[in-house]
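Each chain is listed here by its residues.
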Amino acid sequence: FLCFVFILVSYVEIFRAVLRIPSEQGRQKAFSMCLPHLAMFSLFVSTSIFAYLKPPSISSPSLDMAMAFLYLVVPPAMKPLIYSMRNLELK
């Protein structure tokens, strides 16, 4: 839980720093680099929270398989796409 709080505080500080960038184009470029990472982090955290804290009454094998797929496969598979988009924007 402490790691999660630290990550949230870090994202808040990043967004505060981005909002202090004077040019609109600079803010837009910074947000375009941060938002895909935030989306993947949100997907990772939300599926892991759901997988570990869901009540046993709504457990089903297909739901467990879908959550495991979203938790274990999607974020690592999206990292190369995110980094390639980021590299294109930097160039």
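Computed from a prediction, not measured in an experiment: that's the story for all the values here. (Residues numbered from 1 in each chain as written. Predicted model: local features only at pLDDT ≥ 70, side-chain atom pairs only at ≥ 80, totals over all residues. Heavy atoms only, no water.)

1. Quick notes on the UniProt feature "transmembrane region" (unreviewed entry) in the protein chain
Here's step 1: Under the UniProt annotation, the feature "transmembrane region" (unreviewed entry) is placed at residues 30-53 and 65-83.
Here's step 2: Taken end to end, residues 30-53 is 100% helix and 0% strand, and its two terminal C-alpha atoms sit 34 Å from one another.
Here's step 3: Split by type, residues 65-83 is 95% helix and 0% strand. Its first and last C-alpha atoms lie 27 Å apart. (UniProt positions renumbered as here; feature names shortened; annotations may be inferred. Helix = DSSP H or I, 4+ residues; strand = E, 2+ residues; numbered from the N terminus.)

2. Topic: helix H1 (residues 2-19)
Here's step 1: In this model H1 runs 26 Å from its N-terminal to its C-terminal C-alpha over 18 residues, within 8% of the 26 Å that 1.5 Å per residue would give.
Here's step 2: Listed as buried for H1 are Tyr 11, Phe 15 and Val 18. Seen from one end, H1 has its buried residues packed into an arc of 60°, which puts them on one side. With respect to the buried face of H1, the exposed residues turned more than 90 degrees away are Leu 2 and Phe 6. (Expected span 1.5 Å × (residues − 1). Buried < 20%, exposed > 50% of the residue type's maximum accessible area, 1.4 Å probe, protein only. Arc of directions from axis to C-beta.)

3. So, the environment of Val 9
Here's step 1: The residue Val 9 is located in helix H1 in this model.
Here's step 2: When the C-alpha atoms of Val 9 and Gln 25 are compared, they prove to be 25 Å apart, with 16 residues separating the residues in sequence.

4. Overview of a nonpolar patch on the surface
Here's step 1: Together, Phe 1, Leu 2, Val 5 and Val 9 give the surface a local cluster of nonpolar side chains, amounting to about 460 Å² of exposed area.
Here's step 2: Topologically, Leu 2 is positioned in helix H1. (Patch = residues over 30% accessible without salt bridge, like charges linked within 9 Å, V, L, I, M, F, W, Y side chains within 5 Å. Areas by Shrake-Rupley, 256 points an atom, 1.4 Å probe, with all protein chains shown as cover. Salt bridge = Lys/Arg side-chain N within 4 Å of Asp/Glu carboxyl O.)

5. As for the packing of H1 against helix H2 (residues 24-53)
For any two helices packed against each other, one specifies the inter-axial angle together with the distance between the axes.
Here's step 1: At a minimum axis distance of 10 Å, the contact between H1 and H2 shows a crossing angle of 165°. On the basis of their axis angle, the class for H1 and H2 is roughly antiparallel. Pair H1 / H2 crosses with left-handed handedness. Within the contact between the two elements, H1 uses Phe 4, Ile 7, Tyr 11, Ile 14, Phe 15, Val 18 and Leu 19 and H2 uses Arg 27, Ala 30, Phe 31, Cys 34, Leu 35, His 37, Leu 38, Phe 41 and Val 45. (Axes fitted to C-alpha atoms, helices over the stretch in contact; angles between N-to-C directions. Parallel < 35°, antiparallel > 145°, perpendicular 65-115°, else oblique. Left-handed = near helix turned anticlockwise from the far one by under 90°. Contact = heavy atoms within 4.5 Å.)

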